[in-house]
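Overview (structure and organization)
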Amino acid sequence: MEEQSLFSSSSPTYGWTYDVFLNFRGEDTRFDFTINLYKALHQKGIHTFIDNKGLRRGEGITPSLLKAIQESTIAVTIFSKNYASSTFCLDELVHILECRQKKGQLVLPIFYDVEPSDVRHQRGNYKEAFTQHEQRFNNDQKKAQKWKQALRDAADIAGFYFKPGKEHECDLIERIVKEVCRRINCKPLHIADYPVGLECRVRKVISLLDVESNEGVLMVGICGMGGIGKTTIARAVSNLITDMFEAFCFVANVSKNSQKHGLAYLQKMLLSKLVGEDFNFVDINQGIPIMKQRLHRKKILLVLDDVHEPRQLQAMAGALDWFGSGSRIIATTRDKHLLARHGVERIYEVESLNENEALELLKWSAFRENKVDPSFMDMLNNVVLYAGGLPLALEVIGSNLFNRGINDWNSALDNYRRIPNREIQQVLKMSYDALDEFEKEIFLDIACCFKGDSLEYVTSALYARGICPDYGVKVLIDKCLIKIDNGLVTMHDLIQDMGKEIIRQQSPTELGKRSRLWFHEDILQVLEGNKGTGEIEAINLHMPGEKEINWSGLAFKKMQNLKMLIVRNARFSTGPKHLPNSLRLLDWKGYTYPSFPFDFCPKELVILRMPESSLKLNSPPKAWVPVRECNGF
């Protein structure tokens, strides 16, 4: 299936002419069940298409019928004993299922005095009908196979079964009308203005859900960094599979709404949506047994979006046996470990957009079309590189620069590189805000000093800093803030920018009052201007060129709390005349001076990496680590 077959960039929502399209075998049910169902729907104000105007003429399905199917929100298929003998009915069914797949059309099957298994496996009257079809269409076996597959697919969709003598038709019609009303009122969720790259990601989630099976209950997690598209994927999946379930509820912004309204409120909202009744309780412990009682026999689709805490999952999907067989629960989160501790085994980690997808999304966001002036291409590629495949960043930047000239693009991108866009920053920072204090320190150290270094070096450096990093590093991985790639600690560029912006906000104007310094120009200002303070805890200096740092050598004297000093590529006019005794890590590869300052007695120093192992300290470090022994450093 080609990209955009499920989701249209130019038309993200669909307009429907009819609420319901009735697909039925006229000779079986037109003058009794079907016409009574039509009248009941009509009385409820449900705009229903029924073919009673002689549109079926000739051998093939007419354009008028095709159009009516395409423009209907729900297709009600009435499988009767002689349904399969009608090629018109079968052709309509094939087209209905194509609309279900491509447009998210809802399908509601009615098994009128036939067993669903007979429809699924073409037994009884259905077998006899296909024997005749195969004789008639001997030269077109593909047509018969397409009909059979359509019957199998339709029979797997949850619907209504009617056996004369077991129930009154009027009761069945009442239940059908009630279900149609519920589904009509449950409009498809808005996916995205420009749903680029969704097809393959949605398919992966649907494969994990195994929606074709009615056995057991499954819970699937969708995880990834903020702005990666978790909610968009969950909405798109919901639109495609909702009609396979008896009831559906999408609980948006679980974390935010639980903080604002409380979890009991979300439980009541969820129950009201799934059961169709109002509930009154004030505590989640009251709500849990009610959920178990009312939902354990119901096949439901439940989406819990943006879950941050275990208690949120526990309150709304505490155990799979709360729900009826065939139910599916989807939870989106930034925390993979949250899913694991809840027992969720099927997890999809959302991938960033590739370059082609990112470029297409940026074009749609910025120009409202896929073809743009070639003079913009270099600039667009620069933005794609900056965004790193993050849909949020591409959409925000593209929208901000809509209808702007090339100079505006250059200026805006330069500004974003210095100070991240506020909207993007707020979304990404939510993951940081959810960390404990020592986890925040680990994250900021990695963002400012250690991105791209080996895990061994980072772990040793954090130990030297006075932080036990093993657990904290795993937390950052689970929350999609860092990754370990071939033994190296990496993070998305915009996540790193978010961390650096947090440090910049500590003191937007006075560099010496920031806890960490990493930008070489900022460090030069502090060293050459002797602007250090006791607020600085870490310096990571990497000069991009051969420029000499012209300083007095005394700049470190005011940095009484400096714990990490990393100098990876720099040339100084003179050696340091003072180094803080607070240092725990000293990594200065280009240190060419014969000795340390005479008053340097770092009693807390744990790691020393210098070019000359013959250098001696007045007070040896607790754990001497010569360069030649630092494997992977």
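For the structure itself, consult the block above.
Residues numbered from 1 in each chain as written. Predicted model: local features only at pLDDT ≥ 70, side-chain atom pairs only at ≥ 80, totals over all residues. Heavy atoms only, no water.

**Digging into the pattern of salt bridges**
Inspection of the entire model under this criterion finds 30 salt bridges. Among the charged side chains, a salt-bridge network with shared partners connects Glu 441, Asp 445, Arg 465, Arg 516 and Glu 537. (Salt bridge = Lys/Arg side-chain N within 4 Å of Asp/Glu carboxyl O.)

**Overview of the packing of aromatic side chains**
The final tally for this structure, using the stated rule, is 21 aromatic pairs. Seen in terms of ring centroids, Tyr 591 and Tyr 593 are 5.1 Å apart; in terms of plane orientation they differ by 90 degrees. Their pairing is edge-to-face. Here the aromatic residues Trp 551, Phe 556, Phe 572, Trp 588, Tyr 591, Tyr 593, Phe 596 and Phe 600 are joined through ring pairs into a cluster of three or more. (Phe/Tyr/Trp six-rings, centres within 6.5 Å; stacked < 30°, edge-to-face > 60°.)

**Looking at the sheet that holds strand β16 (residues 564–569)**
Strands sit in the order β13-β14-β16-β18-β19 across an open sheet of 5 strands; the sheet is parallel. Edge positions in the sheet fall to β13 (516–517) and β19 (607–609), since each of these pairs with one other strand and no more. Relative to β16, strand β14 (residues 538–542) runs parallel, the two sharing 5 bridges. Residue pairing for β16: Asn 540 is matched across the bridge by Ile 566. Set on the sheet, helix α24 (residues 520–528) makes contact with β13 and β14; between it and β14 the angle comes to about 115 degrees. (Pairing = 2+ DSSP bridges. Helix = DSSP H or I, 4+ residues; strand = E, 2+ residues; numbered from the N terminus. Contact = heavy atoms within 4.5 Å. Axes fitted to C-alpha atoms, helices over the stretch in contact; angles between N-to-C directions.)

**Topic: the packing of helix α15 (residues 355–367) against helix α16 (residues 377–387)**
Interhelical geometry of α15 versus α16 gives an angle of 115 degrees and a closest axis separation of 10 Å. If you check the angle between α15 and α16, you find them roughly perpendicular. Viewed along their axes, α15 and α16 form a crossing whose handedness is right-handed. In this structure, α15 uses Glu 355, Ala 358, Leu 359, Leu 362, Lys 363 and Phe 367 to contact α16, whose residues at the interface are Met 377, Leu 380, Asn 381, Val 383 and Val 384. Along the lines of polarity and charge, the residues of the contact of α15 with α16 split into 8 nonpolar, 1 polar and 2 charged. (Parallel < 35°, antiparallel > 145°, perpendicular 65-115°, else oblique. Left-handed = near helix turned anticlockwise from the far one by under 90°. Nonpolar A, V, L, I, M, F, W, Y, C, P; charged D, E, K, R; others polar.)

**Digging into the packing of helix α19 (residues 422–433) against helix α23 (residues 493–504)**
Relative orientation of the contacting elements α19 and α23 amounts to 80 degrees, with a least axis distance of 10 Å. Considered as vectors, α19 and α23 are oriented roughly perpendicular to each other. Contact residues: α19 offers Gln 425, Leu 428, Lys 429 and Tyr 432, while α23 offers Leu 494, Ile 495, Asp 497, Met 498, Glu 501 and Ile 502. A breakdown of the residues in the contact of α19 with α23 according to their chemical character gives 6 nonpolar, 1 polar and 3 charged.

**Details of the sheet that holds strand β1 (residues 18–23)**
Strand order in the open sheet formed by 5 strands is β2-β1-β3-β4-β5, with parallel pairing between adjacent strands. Looking at which strands have only one partner, the edges of the open sheet turn out to be β2 (48–49) and β5 (160–162). In this sheet, β2 lies alongside β1 in parallel orientation, the contact comprising 2 bridges. Considered in β2, the bridge of Phe 21 is made with Phe 49.

**Regarding the pairing of strand β6 (residues 218–223)**
Among the 6 residues that make up β6, 6 are buried, leaving the element largely enclosed by the rest of the structure. The two faces of β6 match: Leu 218, Val 220 and Ile 222 on one face and Met 219, Gly 221 and Cys 223 on the other face are all buried. Pairing of β6 with strand β9 (residues 328–333) involves 6 bridges; the strand directions are parallel. Opposite Val 220, over in β9, you have Ile 330 as the bridge partner. Relative to strand β10 (residues 346–349), β6 runs parallel, the two sharing 4 bridges. Within the sheet, the bridge partner assigned to Cys 223 lies in β10 and is Glu 349. (Buried < 20%, exposed > 50% of the residue type's maximum accessible area, 1.4 Å probe, protein only.)

**Some remarks on unusual backbone geometry**
Phi is positive for Asp 210, close to 50 degrees, though the residue is something other than glycine. Checked against the element boundaries, Asp 210 lands in the loop between α8 (198–209) and β6. Residue Asp 210 is classed as partly exposed on the basis of its relative accessible area of 34%.

**Focus on a nonpolar patch on the surface**
Together, Leu 455, Ile 477 and Ile 484 make up an exposed nonpolar region whose accessible area comes to about 200 Å². Mapped onto the secondary structure, Ile 477 falls in helix α22 (residues 469–478). Residue Ile 477 is classed as partly exposed on the basis of its relative accessible area, which comes to 34%. (Patch = residues over 30% accessible without salt bridge, like charges linked within 9 Å, V, L, I, M, F, W, Y side chains within 5 Å. Areas by Shrake-Rupley, 256 points an atom, 1.4 Å probe, with all protein chains shown as cover.)

**Things to note about the environment of Asp 599**
Along the chain, Asp 599 falls in the loop between β18 (585–588) and β19. Separated by 21 residues in sequence, Asp 599 and His 578 have C-alpha atoms that sit 7.1 Å apart. What Asp 599 contacts, discounting residues up to four positions off in sequence, is Lys 577, His 578 and Asn 581. There is a polar contact of 3.1 Å between the side chain of Asp 599 and the side chain of His 578. (Polar contact = N/O pair within 3.5 Å; in protein donor to acceptor, adjacent residues only side chain to side chain.)

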